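Now for the letters of each chain:
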Amino acid sequence: MKIGVVLFPSKQVQDFANSYRKRYDTKYALISPHVTIKERTEIDEADLPKVLEYLQQIADSTKPIQLKIDGVRSFAPTNNVLYLKVLPTRELSALQDKLHEGLLNQPPKYEFLPHITIGQDLTDAELFDVLERMRMEQVHFEETINRMAVMYELENETWNVYETFRFRG
């Protein structure tokens, strides 16, 4: 079973992200706008109850997280991905660290760079055109996130929410 852990921003941020994703994100229909905290991870379905209990413990000790989105960036030239930049915080990094220890112990595939993808699989011309246009906009959101979601991947690569955990720390 493939799972991941994400933070979903408010409807306002999701609507803003989706206004671009509809046009520029080839994976638009597979998952809602989100910040990935624990990337796709393969677990044995029999271990799921233990994993969920572990995630509940993490959520119980985590305070709501301030999410600050400031501007649009790209991973180019490495990857033609366009994203809303989420400012890294100690709290976000601590949560990401906890999700790569203990029962879910594995090193992260990539350095943690919190973001919300709004475009991917773009040509160079598309990427730079959209990026330049968006840099002229004031893209800034601040909000408090009070839960994380465990997602599971279906065979058609669609991601669905399995369970959510409220931060109670």
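A quick note: this is a predicted structure, and the numbers were derived from the prediction, not measured.

Caption draft 1: Highlighting the sheet that holds strand 2 (residues 35-42). The antiparallel open sheet is built from four strands, whose spatial order is 2-1-7-8. At either margin of the open sheet sits one strand with a lone partner, and together these are strand 2 and strand 8 (159-166). Neighbour-to-neighbour, the strand axes of the sheet open up by a mean angle of 20 degrees, direction not taken into account. Both strand 1 (residues 2-7) and strand 7 (residues 147-153) contribute to a ladder of four bridges, which runs antiparallel. Bridge assignment links G4 to a residue of strand 7, and that residue is M151. The sheet contacts of helix 2 (residues 48-60) involve strand 1, strand 7 and strand 8, and relative to strand 8 the element is tilted by about 45 degrees. Contacts from helix 3 (residues 90-98) reach strand 1, strand 2 and strand 7 within the one sheet, and its direction differs from that of strand 2 by about 10 degrees.

Caption draft 2: Geometry of the UniProt feature "active site" (unreviewed entry) in the protein chain. The UniProt record marks H34 and H115 with the feature "active site" (unreviewed entry), using the residue numbering of this structure. Spanning 82 residues, the named residues form one tight spatial group whose C-alpha atoms are at most 7.9 Å apart. Structurally, the position occupied by H34 is in the loop between helix 1 (11-24) and strand 2. In this view, H34 contacts V6, L7, F8, P9, H115 and I116; residues no more than four positions away in its chain are not counted. Within the local environment of H34, its side chain forms a polar contact with the backbone oxygen of S32, the two atoms lying 2.8 Å apart. Aside from chain neighbours lying at most four places away, what touches H115 is H34, V35, T36, F75, Y83, L84 and V86. A polar contact of 2.7 Å, which involves the side chain of H115, links it to the backbone oxygen of L113.

The rules we used
Residues numbered from 1 in each chain as written. Predicted model: local features only at pLDDT ≥ 70, side-chain atom pairs only at ≥ 80, totals over all residues. Heavy atoms only, no water. Pairing = 2+ DSSP bridges. Helix = DSSP H or I, 4+ residues; strand = E, 2+ residues; numbered from the N terminus. Axes fitted to C-alpha atoms, helices over the stretch in contact; angles between N-to-C directions. Contact = heavy atoms within 4.5 Å. UniProt positions renumbered as here; feature names shortened; annotations may be inferred. Polar contact = N/O pair within 3.5 Å; in protein donor to acceptor, adjacent residues only side chain to side chain.

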